[in-house]
Amino acid sequence: MKIAFISDIHSNLEAFRAVLVEIDKENVSLIVNLGDLVGYNASPRECVDLVKQRQMISILGNHDRAAIEPKFAEGFNILAYQALVWSSKSLAPKHKRFLEDLEHTKTLWDRYLLFHGAPGNPAAYLSFLFQTKRAFNYMRKKTPGVRIGFFGHTHHRAVWQRDVRGKVSRLEMSHDDLLLDPEQMYLINPGSVGQPRQRQWKASYLIFSNEPQTIQFRSVAYDLHSAQTKIRTAQLPEYLAERLAEGI
Ligand SMILES: [Fe+2]
């Protein structure tokens, strides 16, 4: 069985569609969207419609929450805030209702923990060792038996491992494929579909296979020019178009 994990689509319809074309070649049983479906880019309605249409499992991201809760958006940086105000105006009530119904943390089949930023808090980051140690401890206390967590929010691919002695480390990803050890715990970030920040512009996603458990990080080129043109036409900040090309 295969599951595709995607995150941080951020209203980039061109990147989202390109990823779905690739995922559809993989015969996956399920697609999981780890949050931040909207924000930054210029196709929020179309991205919400596509997630609904494809019947994915979706998690609430901090930008999703901010698009439906104006007070929450005020804590964002100015570029993100401007895009959120624009997104919020663009979304129809049906899109907002969809976002309102999303949960920030979810357990899938009692085996996988799904969340956007940190368990229980879509706005917190898992970027540093102390943050991931806290997340592993949350899993051990609150979801015993769940060994693997999937998250997004940083827009960076990452695999964190907790070994049987409790040592937590970030794995080097010299290869795109990784075999997971059934004795260990993992926190895995597929990177971002719609605004990758690893100094490469292609849309990032992940294929997880069961028995044996493996993960494969993938990326795919998309129509960057069209995504940028939509940002400019919507009169969103120019930097949001430029950063897509830089992967920052
Ligand atoms: Fe994000």
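Residues numbered from 1 in each chain as written. Predicted model: local features only at pLDDT ≥ 70, side-chain atom pairs only at ≥ 80, totals over all residues. Heavy atoms only, no water.

Q: How should the side chain of serine 192 be read in this particular structure?
A: Looking at the element boundaries, serine 192 is found in the loop between β10 (185–190) and β11 (203–209). When its relative accessible area of 0% is taken as the criterion, serine 192 is described as buried. Within the local environment of serine 192, its side chain forms a polar contact with the backbone nitrogen of glutamine 195, the two atoms lying 2.9 Å apart. Beyond its immediate chain neighbours, meaning those up to four positions away, serine 192 contacts Ser7, Asp8, His155, Ala203 and Ser204. (Helix = DSSP H or I, 4+ residues; strand = E, 2+ residues; numbered from the N terminus. Buried < 20%, exposed > 50% of the residue type's maximum accessible area, 1.4 Å probe, protein only. Polar contact = N/O pair within 3.5 Å; in protein donor to acceptor, adjacent residues only side chain to side chain. Contact = heavy atoms within 4.5 Å.)

Q: Help me understand the packing of aromatic side chains, please; the structure alone is not making it clear to me.
A: Aromatic ring pairs are reported here in terms of the distance separating the ring centres and the angle at which the planes meet. Counted by the stated rule, this structure contains nine aromatic pairs. Pairing phenylalanine 150 with phenylalanine 208 gives two aromatic rings, centres 5.6 Å apart and planes at 75 degrees, and the pair type is edge-to-face. Taken together, the residues phenylalanine 150 in strand β6 (residues 148–150) and phenylalanine 208 in strand β11 connect sequence positions 58 residues apart. The burial state of phenylalanine 150 is the same as that of phenylalanine 208; both residues are buried. Relative to tyrosine 222, the ring of tryptophan 201 lies with its centre 5.5 Å away and its plane at 55 degrees, an arrangement referred to as tilted. Of this pair, tryptophan 201 sits in the loop between β10 and β11 while tyrosine 222 sits in the loop between β12 (214–220) and α8 (224–233), and the two are 21 residues apart along the sequence. Taken together through their ring pairs, the aromatic side chains of Phe5, Trp109, Tyr112, Phe150 and Phe208 make up a single cluster. (Phe/Tyr/Trp six-rings, centres within 6.5 Å; stacked < 30°, edge-to-face > 60°.)

Q: Mind showing me how you'd approach the packing of helix α1 (residues 13–23) against helix α2 (residues 44–53) here?
A: Two measures define how a pair of helices packs: the angle their axes make with one another and the distance between the axes. Axis separation between α1 and α2 bottoms out at 9 Å; the angle between their running directions is 25 degrees. One finds that α1 runs roughly parallel with respect to α2. Between α1 and α2, the contacting residues are Leu13, Phe16, Arg17 and Leu20 on the first element and Glu46, Cys47, Leu50 and Val51 on the second. Residues belonging to the contact of α1 with α2 are distributed by class as follows: six nonpolar, no polar and two charged. (Axes fitted to C-alpha atoms, helices over the stretch in contact; angles between N-to-C directions. Parallel < 35°, antiparallel > 145°, perpendicular 65-115°, else oblique. Nonpolar A, V, L, I, M, F, W, Y, C, P; charged D, E, K, R; others polar.)

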